[in-house]
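Chain by chain, the residues run as shown.
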Amino acid sequence: MTETTARRPRRVDLIVVGGGAAGLLAAISAARTWQEQAAPPQSGSLNILILEKNDKIGRKILATGNGRCNLTNALAVPAAYHGDDPRFCRGALHRYDVSATLDFFLDLGLVCREEEDGRIYPVCQQAAAVVDLLTHEIERLHISIQTQQTVTSLAPVEPVFLGSQPLEKAPHWRLGLADGQILDATCVILATGGQASPNLGSDGSGYRLAQPLGHRLVEPLPALVQLTTAGRKTVSMSGIRVECGLTLVLGNQEIGRESGEVLFTDYGLSGIPVLQLSRTVSVSLQENSVEPLRIWLDLLPEWTEAAIEARIAHRISQNPALHLSDLLTGLVHRKIGGFIVRETLHANLDQPVRTLSPRQVKSLARTIKQLELTVTGTRDFSQAQVTAGGLDCRDFLPDCLESRLKPGLFAAGELLDIDGDCGGFNLQWAWSSGLLAGASAARLLTRLRS
Ligand SMILES: Cc1cc2nc3c(=O)[nH]c(=O)nc-3n(C[C@H](O)[C@H](O)[C@H](O)COP(=O)(O)OP(=O)(O)OC[C@H]3O[C@@H](n4cnc5c(N)ncnc54)[C@H](O)[C@@H]3O)c2cc1C
């Protein structure tokens, strides 16, 4: 063996960087596509390797849906997705839609059920079952996995020439790992996730691998994350949950509207409708730091302001000696009632309610319909469920997810500048884009081998 061949890095057909939802589906899809294409016997099997920095694959999947895995959503159509060019997601979502995804998982043995708002979960209510079934399929397809391996560099290697003839049809890829290993691959799929919840592995390293190759980055921002509000106003209501209408207002313009259960916290607001608005908050604060950003909470959405005003006036006439602290009891949570009275009237809560003027009663009803909090921002990536932004989709082909800049390089999942609403949409994007990237890489490998 010559010195040169002795030092040549190990070579595989396909390396998938990241063993999360997108990466696992990409590897399975590549292996199945290769088999289904009935590749000529002489072309042999496809050598696929998943590199995952965590000690286990699928750690984030285990955390999804509070451990139940909200696998997808019956309403997962392209309109539920965001990014600089959300149309980009259409290719993957049409090719591998919700029904194809459910068939894929049913074939593995996972039975699912639709719940409220189209959310779909495994009937066993266990995210661990999803990871187990994917692991069984990976083993069945003889896909290799190396965990505790962080990819730190990625570069194309130009074909070696024998005279004027290249020995290969295209450049291949060289990957450097944190432990010093070097690996070569004919194709690479980047599925490293975004920057949300870095404790689960996705720390933005995929951006750092792709950017030196010329890939553009749409600034990553936290999304599906709690909101922070000014003046510690929510502290006294911390822990209380209320069904609300929510309106997000920038300057004088409404920029978002949601409804659902809001949780008051020490730092501000949480709950699904709050998470839904967080992307708009992140983007607005990035684009506009001058105009105030406010949220209005309608604490009694099914009542008109006039009806609430009449209820309060009735209570005052019934019991004029009642203390202000008890005036709103029964209409809203007692702690919220106290907050509303203090915030609206700046009055002593021991005062009897008969001292209130009709104008003050009207103001209380108005505050119940429009409790205003100033939004200072979102919590950071450590608390976020997804990343808004990521690798610029303009640099990838939507029908195969291959890089327009570097042939043989593919990307899938949250790493790309696509994010979905709360409720199973983000995993659906990871599954669909992973399936598409894997199938596309296998087709390219077939062409290169023939
Ligand atoms: C707490 C929580 C709950 C959620 N619940 C839901 C839900 O119920 N439904 C839903 O649809 N979505 C949910 N999401 C969002 C969803 O989980 C993600 O959008 C989805 O998992 C993204 O998949 P991905 O494969 O693109 O990235 P990830 O799942 O982040 O996987 C990326 C993988 O790449 C690995 N990696 C990163 N860099 C490297 C590197 N350099 N070398 C090697 N490996 C690397 C990481 O360790 C990780 O395992 C939730 C997210 C969180 C944080």
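Residues numbered from 1 in each chain as written. Predicted model: local features only at pLDDT ≥ 70, side-chain atom pairs only at ≥ 80, totals over all residues.

Which residues make up the overall build of the chain, and what values do they have?
Within the chain, the regular secondary structure consists of twelve helices and 22 strands. Across its three principal axes, the chain shows a C-alpha extent of roughly 100 × 45 × 35 Å. (Helix = DSSP H or I, 4+ residues; strand = E, 2+ residues; numbered from the N terminus.)

Mind laying out the confidence of the model for the chain, listing which residues take part and the relevant values?
Across the chain, the average pLDDT comes to 94, with 96% of residues at or above 70. Confidence drops under pLDDT 50 across residues 1-5; counting only partners more than four residues distant or on other chains, this segment forms one contact. (pLDDT = per-residue confidence, 0-100. Contact = placed C-beta atoms within 7 Å.)

A description of the site of the ligand should follow, citing residues and the corresponding values.
Taken together, 38 residues lie near the ligand, and Gly18, Gly20, Gly193, Gly201 and Gly413 sit nearest. Those elements that provide at least two residues to the shell around the ligand are helix H2 (21-36), helix H3 (59-63), helix H7 (205-210) and helix H12 (425-449). Of all the elements, H12 adds the most residues to the shell around the ligand, at four residues. (Near = placed C-beta within 6 Å.)

I'd love a proper account of the nonpolar core, names of residues and values included.
Core analysis: the biggest nonpolar cluster contains 80 residues, and Leu14, Ala27, Ala30 and Ile189 have the highest contact counts within it. Here the element with the most residues in this core is H12; it accounts for 13 residues. In this structure Ala27 touches Val16, Ile48, Ile50, Ile138, Ile143 and Gly438, once residues within four positions along its chain are discounted. Judged by nonpolar contacts, the second largest core, of 48 residues, contains Leu297, Leu327, Leu356 and Val361. (Core = buried A, V, L, I, M, F, W, Y, C linked by C-beta atoms within 7 Å. Buried ≥ 20, exposed ≤ 12 C-beta atoms within 10 Å, placed from the backbone.)

Let's hear about the packing of H2 against H12: which residues, and what values?
Running from N to C, H2 and H12 point in directions that differ by 35°, and their axes come no closer than 7 Å. By crossing handedness, the relation of H2 to H12 is classed as right-handed. Every residue of H12 that contacts H2 at Ala21, Ala22, Gly23, Leu24, Leu25, Ala26, Ala27, Ile28, Ser29, Ala30, Thr33 and Trp34 is listed here: Leu427, Ala430, Trp431, Ser433, Gly434, Leu435, Ala437, Gly438, Ala439, Ala441, Ala442 and Arg443. (Axes fitted to C-alpha atoms, helices over the stretch in contact; angles between N-to-C directions. Left-handed = near helix turned anticlockwise from the far one by under 90°.)

Can you break down the sheet that holds strand S6 (residues 119-122) residue by residue, with the values?
Backbone hydrogen bonds hold the strands of a sheet together, and the pairing may be parallel or antiparallel. Taken in spatial order, the three strands of this open sheet run S3-S6-S5, and their pairing is antiparallel. Edge positions in the sheet fall to strand S3 (72-73) and strand S5 (112-114), since each of these pairs with one other strand and no more. Two strands pair when backbone bridges link them, and S3 and S6 are joined in this way by two bridges, in the antiparallel orientation. In the sheet register, Thr72 faces S6, and the bridge partner there is Ile120. (Pairing = 2+ DSSP bridges.)

Help me get a handle on the domain arrangement of the chain, residues and values and all.
Under the domain assignment, the chain is made up of domain 1 (9-222 + 386-449), domain 2 (224-299) and domain 3 (305-372). When each unit is reduced to the centre of its C-alpha atoms, the spacing between domain 2 and domain 3 is 24 Å. Counting residues at the interface gives nine residues for domain 2, matched by ten residues for domain 3. When residues in the side of domain 2 that touches domain 3 are grouped by element, the largest group, four residues, is from strand S18 (residues 293-298). Grouping the constituent residues of the side of domain 2 that touches domain 3 by class yields six nonpolar, one polar and two charged. (Domains from an automatic or database assignment. Nonpolar A, V, L, I, M, F, W, Y, C, P; charged D, E, K, R; others polar.)

Before we move on, could you go through the pairing of S6 and cite the residues and values that matter?
Here S6 shows a buried face lined by Arg119 and Tyr121 and a second buried face lined by Ile120 and Pro122. With antiparallel pairing between neighbouring strands as the criterion, S5 and S6 make up a hairpin whose turn holds four residues, including Asp117 at a positive phi of roughly 55°.

Run through the sheet that holds strand S14 (residues 227-229), naming residues and quoting values.
Spatially, the six strands close up into a barrel ordered S14-S17-S16-S15-S18-S19, and their pairing is antiparallel. This sheet shows a mean twist of 45° between the axes of neighbouring strands, independent of strand direction. As paired strands, strand S15 (residues 241-250) and S18 are joined by six bridges and run antiparallel to one another. When the bridges of S18 are listed, Leu248 appears paired with Ile295. Across the sheet, helix H8 (residues 272-287) is in contact with S14, S15, strand S16 (253-264), strand S17 (268-270), S18 and strand S19 (371-378); its angle to S16 comes to roughly 140°.

Mind laying out the packing of helix H9 (residues 305-318) against helix H11 (residues 358-369), listing which residues take part and the relevant values?
Interaxial distance between H9 and H11 falls to 9 Å at its minimum, and their mutual angle equals 130°. Classed by the angle they form, the pair H9 and H11 counts as oblique. Where H9 crosses over H11, the two elements pack in a sense that is right-handed. For the pair formed by H9 and H11, the contact residues are Glu305, Ile308, Glu309, Ile312 and Ala313 on the first element and Val361, Lys362, Leu364, Ala365, Arg366, Ile368 and Lys369 on the second. For the contact of H9 with H11, the per-class residue count stands at seven nonpolar, no polar and five charged. (Parallel < 35°, antiparallel > 145°, perpendicular 65-115°, else oblique.)

Go over unusual backbone geometry, please, and point to the residues and values.
For His142, which is not glycine, the phi dihedral falls at a positive 60°. With respect to the secondary-structure elements, His142 resides in the loop between helix H6 (127-140) and strand S7 (144-146). Judged by local crowding, His142 falls into the exposed class, with 11 C-beta atoms found within 10 Å. Unusually for a residue other than glycine, Leu224 sits at a positive phi of about 45°. Structurally, the position occupied by Leu224 is in the loop between strand S13 (217-223) and S14. Residue Leu224 is classed as buried on the basis of its C-beta count, with 26 C-beta atoms lying within 10 Å.

An account of the environment of Ala63 is requested, with residue identities and associated values reported.
Take Ala63: it is sitting in helix H3. Among the residues examined, Ala63 registers 15 C-beta atoms within 10 Å and is labelled partly exposed. Spatially, the C-alpha atoms of Ala63 and Ala127 are 7.4 Å apart, while their sequence positions differ by 64 residues.

How would you summarise H2 if you had to cite specific residues and measurements?
With 16 residues, H2 should cover 22 Å at 1.5 Å per step; its first-to-last C-alpha distance of 22 Å lies within 8% of that length. Across the 16 residues of H2, 13 count as buried, placing the element largely inside the fold. (Expected span 1.5 Å × (residues − 1).)

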